[in-house]
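# Breakdown of the fold
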Amino acid sequence: SHTAKMTTMMQRNAVASSSATVRANGLANTLRAPVSRQRVVSRAASEMWLPGGTRPAHLDGSAPGDFGFDPLGLGSSPESLAWFKEAERVHCRWAMVGVAGILIGEIARPDVFWYTAGAKVETPFPILGLLAFEFWAMHFVEIKRWQDFRNPGSVDKDPLFPNNGLPKHDVGYPGGIFAPVVPGNLEELKVKEIKNGRLAMLAFIGFTMGAQVSGKNPIAILTEHIADPFGTTIFSKAAVIPGQAVAPACMIPDHIDFNGISIPAGCFLQSLWP
């Protein structure tokens with residue numbers, strides 16, 4: 001009948017409309033990640049460390065944290081640039097772990113001086129044997145990282161348990177068990193990691209110099225500065241004026257004894273101090 005035909009046509013139209021909606025949603029989900037990455041890259045490419053400066057040709061803004069900074073052209077070689085990216089990632093991550101550990105340690109035990117705390121740790125094993133194991137373990141891990149850098153994906157499979165492996169990933173971002181949860185857009189998180197890592201590297205240098213000059217932990221130094229902003233500064237510790245240089249004393253002993261081993265310590269590059 002005429003009514004049955006109309007009903008059939010309406011059902012067909014509804015199915016076609018539903019299929020088109022599904023295809024459109026699928027296409028949107030497929031394009032969302034690349035568009036998000038393009039947005040992050042485009043924003044990075046438009047930002048420069050020196051406002052109004054010219055971006056070097058080899059820095060196109062595609063790398064996380066790329067703000068066109070390479071005044072000496074050290075990364076003009078693609079091979080060198082790739083290695084600098086990898087080295088910066090590793091140093092950023094170590095610095096963030098180190099700075100967080102120093103601050104958390106001082107909050108938990110403000111009476112322990114972080115700079116020499118390691119020499120007071122009691123180990124159940126001979127220190128030389130422990131160092132030998134650490135050297136072996138770090139060598140194994142670093143060799144694997146180097147192999148992945150030279151030949152991406154070559155070490156993604158567990159040699160003992162082949163069923164265990166990592167998903168396809170960019171160099172330096174293994175994912176999988178190393179990042180079971182990604183709290184946000186991965187491309188934006190990469191930029192935040194580099195920014196925080198660079199800040200952590202500078203912070204660690206500051207923590208080290210502060211410890212050598214004052215013999216105190218960073219929060220204690222900050223507290224003293226807040227209590228006396230003008231009397232407790234870098235200039236109150238050292239100053240260079242015509243014909244005279246005032247240099248602070250090194251607060252770190254020349255040697256530290258640990259499990260019967262004398263370890264050279266002292267201050268870093270003290271001969272270059274004012």
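The structure reproduced in this document is the subject of the present report. From a predicted model like this one, the values you see are computed outputs, not experimental measurements.

### Re the overall build of the protein
Looking only at helices and strands, one finds six helices and four strands in the protein. Beginning at the N terminus, the succession of helices and strands in the protein can be written as α-α-α-α-α-α-β-β-β-β. A burial count over the protein gives 20% of its 274 residues as buried. Restricting to contacts in the protein with at least 6 residues of sequence separation, those with at least 24 account for 52%. As presented, the protein carries roughly 19400 Å² of accessible surface, and 67% of it is formed by carbon and sulfur atoms.

### Some remarks on the packing of aromatic side chains
Each pair of aromatic rings is reported with the distance of its centres and the angle of its planes. Within this structure, the stated rule accounts for seven aromatic pairs. Taken together, a centroid distance of 4.8 Å and an interplanar angle of 85 degrees make the contact between tryptophan 49 and phenylalanine 69 edge-to-face. With tryptophan 49 in the loop between helix 1 (2-46) and helix 2 (78-108) and phenylalanine 69 in the loop between helix 1 and helix 2, the pair connects residues that are 20 residues apart, well separated along the chain. Ring-pair connections join several aromatic residues into one group, and the members of that group are Phe113, Trp114, Tyr115 and Phe204.

### Description of the layout of surface pockets
When its volume is computed, the largest pocket comes out at roughly 1400 Å³. Around the largest pocket, the lining is made up of 41 residues, and of these Leu166, Tyr173, Pro174, Gly175 and Phe178 lie nearest the centre. When residues of the lining of the largest pocket are traced back to their parent elements, those giving at least two are helix 2, helix 3 (127-150) and helix 4 (186-214). In terms of residue count, helix 3 provides more of the lining of the largest pocket than any other element does, seven residues in total. The class makeup of the residues in the lining of the largest pocket is 21 nonpolar, seven polar and 13 charged.

### Considering the state of the cysteines
As used here, a disulfide is simply a covalent bond connecting the sulfur atoms of two cysteines. In total, this model carries one disulfide according to the counting rule given. Bridging cysteine 250 to cysteine 267, the disulfide has an S-S length of 1.9 Å. Between cysteine 250 and cysteine 267, the disulfide has an S-S torsion of 95 degrees and is therefore right-handed. With cysteine 250 in the loop between strand 2 (244-246) and strand 3 (255-258) and cysteine 267 in the segment after strand 4 (261-264), this pair connects stretches of sequence that are 17 residues apart.

### A few points about the pairing of strand 4
Where strand 3 and strand 4 come together, four bridges link them in antiparallel fashion. Residue pairing in the sheet places histidine 255 in a bridge with proline 264 of strand 4. Hairpin geometry of strand 3 and strand 4 is characterised by an intervening segment of two residues between the two adjacent antiparallel strands and by a positive phi of about 50 degrees at asparagine 259.

### Thoughts on the side chain of serine 214
Within the secondary structure, serine 214 is located in helix 4. By relative accessible area, which is 16% here, serine 214 ends up buried. Of note is the side chain of serine 214, whose polar atom sits 3.3 Å from the backbone nitrogen of lysine 216. Contacts of serine 214, omitting those with residues within four sequence positions, involve Ile221 and Met251.

### Things to note about the environment of glycine 105
As for its placement among the helices and strands, glycine 105 is situated in helix 2. Glycine 105 gets classed as partly exposed once you look at its relative accessible area, which sits at 34%. Once the C-alpha coordinates of glycine 105 and alanine 117 are considered, the two residues, twelve residues apart in sequence, prove to be 9.9 Å apart.

### Some remarks on the packing of helix 2 against helix 4
Look at helix 2 against helix 4: their axes get within 7 Å of each other, and the N-to-C directions meet at 55 degrees. As judged from the angle between their axes, helix 2 and helix 4 are oblique. Pair helix 2 / helix 4 crosses with left-handed handedness. Along the contact surface, helix 2 presents Glu88, Arg89, His91, Cys92, Arg93, Ala95, Met96, Val99, Ile102 and Leu103, while helix 4 presents Glu193, Ile194, Asn196, Gly197, Arg198, Ala200, Met201, Ala203, Phe204 and Phe207. For the contact of helix 2 with helix 4, the class distribution of residues is twelve nonpolar, three polar and five charged.

### Details of the pattern of salt bridges
Applying the stated criterion across every chain, the model contains ten salt bridges. A salt bridge links glutamate 86 to arginine 89, with the nearest nitrogen and oxygen atoms 2.6 Å apart. Within this pair, glutamate 86 and its partner arginine 89 are both found in helix 2, separated by three residues, close to a single helical turn. Here the two residues glutamate 86 and arginine 89 agree in accessibility, since each one is buried. Glutamate 88 serves as the salt-bridge partner of arginine 198, at 2.6 Å between the closest nitrogen and oxygen. Placement of the pair is arginine 198 in helix 4 and glutamate 88 in helix 2, with a sequence separation of 110 residues. Owing to a relative accessible area of 27%, arginine 198 belongs among the partly exposed residues under this scheme. Because the salt bridges share partners, they merge into one network encompassing Glu86, Arg89, Glu142 and Arg145.

So, how was this worked out
Numbering of residues starts from 1 in every chain and runs along the sequence as written. At least 70 in pLDDT is required for a residue's local features to be given in this predicted model, at least 80 for side-chain atom pairs to be given and counted, and no such filter applies to totals for whole chains, interfaces and linings, which use all residues. Water and hydrogen atoms were dropped before computing side-chain values, which therefore reflect all heavy atoms in the structure. Only DSSP runs of H or I reaching four residues or more are called helices, and only runs of E reaching two or more are called strands; each is numbered from the N terminus. Residue burial is assigned from relative accessible area. The probe radius is 1.4 Å, only protein chains are included, and a residue is buried under 20% of its type maximum, exposed over 50%, and partly exposed in between. A contact between two residues is defined here by any heavy atoms of the two lying within 4.5 Å. Throughout, the Shrake-Rupley method with a 1.4 Å probe supplies accessible areas, and for residues the shown protein chains are the sole cover considered. Two aromatic rings, drawn from Phe, Tyr or Trp (for Trp, its six-membered ring), form a pair once their centres lie within 6.5 Å of each other, and the interplanar angle then sorts them: stacked below 30 degrees, edge-to-face above 60, tilted otherwise. Buried and open spaces are told apart on a 1 Å grid over the protein atoms alone, a cavity being a set of points where a 1.4 Å probe fits but cannot get out and a pocket being an open set with protein on both sides within 12 Å along at least five of seven lines. Residues with an atom within 4 Å of a point are the lining residues. Grid points are joined across faces, edges and corners, and a volume is the space filled by probe spheres set on the points. Charged means Asp, Glu, Lys or Arg here, nonpolar means Ala, Val, Leu, Ile, Met, Phe, Trp, Tyr, Cys or Pro, and polar covers whatever is left, Gly included. Any pair of cysteine sulfurs within 2.5 Å is marked as a disulfide. Think of it this way: DSSP has to see at least two bridges between two strands before they count as a pair. Each polar contact in these results corresponds to two N or O atoms within 3.5 Å; when the atoms are within protein, one needs to be able to donate a hydrogen and the other to accept it, and residues that are neighboring in sequence are counted only if both atoms are side-chain atoms. Lines fitted to C-alpha atoms define the axes, with helix axes restricted to the stretch in contact, and inter-axis angles between N-to-C directions lie between 0 and 180 degrees. We call two directions roughly parallel when the angle between them is under 35 degrees, roughly antiparallel when it is over 145, roughly perpendicular when it lies between 65 and 115, and oblique otherwise. Rotating anticlockwise by less than a right angle from the far helix to the near helix defines a left-handed crossing, while the corresponding clockwise rotation defines a right-handed one. Should a side-chain nitrogen of Lys or Arg be within 4 Å of a carboxyl oxygen of Asp or Glu, the pair is scored as a salt bridge.

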